[in-house]
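Structural description and commentary
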Amino acid sequence: QPGLAMYEYVEDDGRYDDPEDGDGSFDDRIATTGLHGFSGRPYVPPASSADGSGPSFGDNMESHFVVPRRLRDKPYELIEAANDWHYAMMNDLPRNEFYRSALRQLITPESFVLEIGAGSGLLSIIAASLGARRVVAIEANMHLANVARQIIHANGYGDRIHIINKMSTDVSPEELAQYGGRPTLLLSEILGTLLLGESALHYVADARRRLLGPGGAVVPPRGAQFATLVESFDIASITSVKSWEGISLDYFNSLQDTTSMVFTKQYGFRFSSAAYTELAPRTPVLAIDFSADEVGVWGGESRTTLRATRAGTVHAVMASWEVYAGEADALCMATHPDATLGNFPRDMQWGQGLQLIEDTSVDGAKPVPFVVQEGELLTLVTRYSVDGVTLQFELLRGASSEE
């Protein structure tokens, strides 16, 4: 689907090597830690060096269409990703300030900063501007790495920021040693619409174990995935149907997908622009310590007891996240609609996740709406994919016996 390449998970199409060949690669490290088959293989960014050669932007266009020379040889997936979310990401000003504030509290003249997933190089430039003596920025895509080099040189940091064009999982400690020892700070922003949607923990944990120096800091250090039960007749109007002019269309709801997590960008709207009511408090369903947790921390399933704060129909569960930094997590970056209301770029690069809800205790040809009463106890079941990249919700009546 156009615009969704950055979230695709590919089971195995040659992007990954043989985990049993013993060449010391990332696949081998997953295999030897007993995580293969449980944690799944991580997301690979579009048009990365591990992705092989794909069609160029020019080749993907009809021959009689005009394509500027500057775009013709670029990978199609790179141009798609850059125009889909990179511009929005760089123009998310509170995001940039979150990272600057977090780095300002940690960087000293002796800091050696390692960024993974550098993209445009903006965060590396922020780190250098705050006085870090050395910054190494790892970027998997060759073309994006070249763009980052141009931006870094144009801003006068070519002597302090060095680009490595590889997947971070393919970089060795010896490669970094030539830049002045072991990094003292690991920096990343590889977050998706879901907190782990771009396999952030896979890559951060790997770099933290192999590349970061003893006692090194991680930015951001912590994050949490949240879920909110929502009633929204605006959402219902684009995901279900009843009738028109006395013509019953209700049976069409037999096709309604209440299984998949869908992003608001796929629906083509900002959640903050829809009329909705929260029927229970926003609740964390997964907490991640990027400075300590290992891949697989999400397990297979979790259960959380909620109490409905008002009566209504639970049309969907909305998924959003927060990441934290600073003393006592004083710095927070979030994707809840109330946090993105005045931030159009954030909704256009991340937005929120939505999963439609039905009452699964009632089996039938059509989904049965999940109607709740004020004060009713409910159990929210959260199931994670083996790779942690996506998740699924189920809502049950009554309190969870596992809490």
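Residues numbered from 1 in each chain as written. Predicted model: local features only at pLDDT ≥ 70, side-chain atom pairs only at ≥ 80, totals over all residues. Heavy atoms only, no water.

1. Thoughts on the pattern of salt bridges
Summed over the entire model, instances satisfying the criterion amount to 18 salt bridges. Between Asp73 and Lys74 there is a salt bridge; the shortest N-O distance is 3.5 Å. In this structure, the salt-bridge partner of Arg303 is Glu301, at a minimum N-O distance of 3.0 Å. Note on Arg303: relative accessible area 26%, which makes it partly exposed. (Salt bridge = Lys/Arg side-chain N within 4 Å of Asp/Glu carboxyl O. Buried < 20%, exposed > 50% of the residue type's maximum accessible area, 1.4 Å probe, protein only.)

2. Digging into the sheet that holds strand β12 (residues 301-307)
Ordered in space as β12-β18-β19, the three strands form an open sheet in which the pairing is antiparallel. Both outer strands of the open sheet, β12 and β19 (391-397), are each paired with one neighbouring strand and no more. If you compare each strand with its neighbour and ignore which way they point, the axes differ by 25° on average. The pairing of β12 with strand β18 (residues 377-384) spans seven bridges and is classified as antiparallel. Looking at the pairing, Ser302 lines up with Thr382 of β18. (Pairing = 2+ DSSP bridges. Helix = DSSP H or I, 4+ residues; strand = E, 2+ residues; numbered from the N terminus. Axes fitted to C-alpha atoms, helices over the stretch in contact; angles between N-to-C directions.)

3. A word on the confidence of the model for the protein
Looking at the protein, pLDDT values average 89 and 88% of them are 70 or higher. Between residues 1-22, whose pLDDT stays under 50, and residues either more than four places distant or in other chains, the model counts 47 contacts. In the model, residues 28-39 has pLDDT below 50 throughout and makes 32 contacts with residues more than four positions away in sequence or in other chains. (pLDDT = per-residue confidence, 0-100. Contact = heavy atoms within 4.5 Å.)

4. Comments concerning the nonpolar core
Ranked by internal contacts, the top residues of the largest apolar core, which has 83 residues, are Ile116, Leu191, Leu196, Leu229, Phe290, Leu380 and Phe393. Per-element tally for this core: the top contributor is helix α8 (residues 200-210), with six residues. Leave out the neighbours within four places in its chain, and Leu196 touches Leu201, Leu286, Ile288, Phe290, Trp298, Gly388 and Val389. Counting nine residues, the second largest nonpolar core, distinct from the first, contains Val230, Ile235, Phe271 and Met318. (Core = buried A, V, L, I, M, F, W, Y, C linked by side-chain atoms within 4.5 Å.)

5. Observations concerning unusual backbone geometry
Trans peptide bonds make up most of the peptide bonds, and negative phi angles are found at most residues other than glycine. For the bond running from Val219 to Pro220, omega is -5°, close enough to zero to count as cis. Position of Pro220 relative to the elements: it lies in the loop between β5 (217-219) and β6 (222-231). With phi around 55°, Ser199 is a residue other than glycine that occupies positive phi space. Along the chain, Ser199 turns up in the loop between β4 (185-188) and α8. In the Ramachandran plot, Asp329 falls in the positive-phi region, its phi being about 55° despite a non-glycine side chain. Take Asp329: it is sitting in the loop between β14 (316-325) and β15 (331-334).

6. A closer look at the environment of Thr305
In this fold, Thr305 is placed in strand β12. According to the relative accessible area criterion, Thr305 is partly exposed, its value standing at 25%. In this structure, the C-alpha to C-alpha distance between Thr305 and Leu378, residues 73 residues apart in sequence, is 5.7 Å. A distance of 3.0 Å separates the side chain of Thr305 from the backbone nitrogen of Ser400, its partner in a polar contact. (Polar contact = N/O pair within 3.5 Å; in protein donor to acceptor, adjacent residues only side chain to side chain.)

7. Here we look at the sheet that holds strand β2 (residues 134-138)
Spatially, β3-β2-β1-β4-β5 is the arrangement adopted by the five strands of the open sheet, whose pairing is parallel. Two strands bound the open sheet, and with one partner strand each, they are β3 (161-164) and β5. For this sheet the average axis-to-axis angle between neighbouring strands, irrespective of direction, equals 20°. Relative to β5, β4 runs parallel, the two sharing three bridges.

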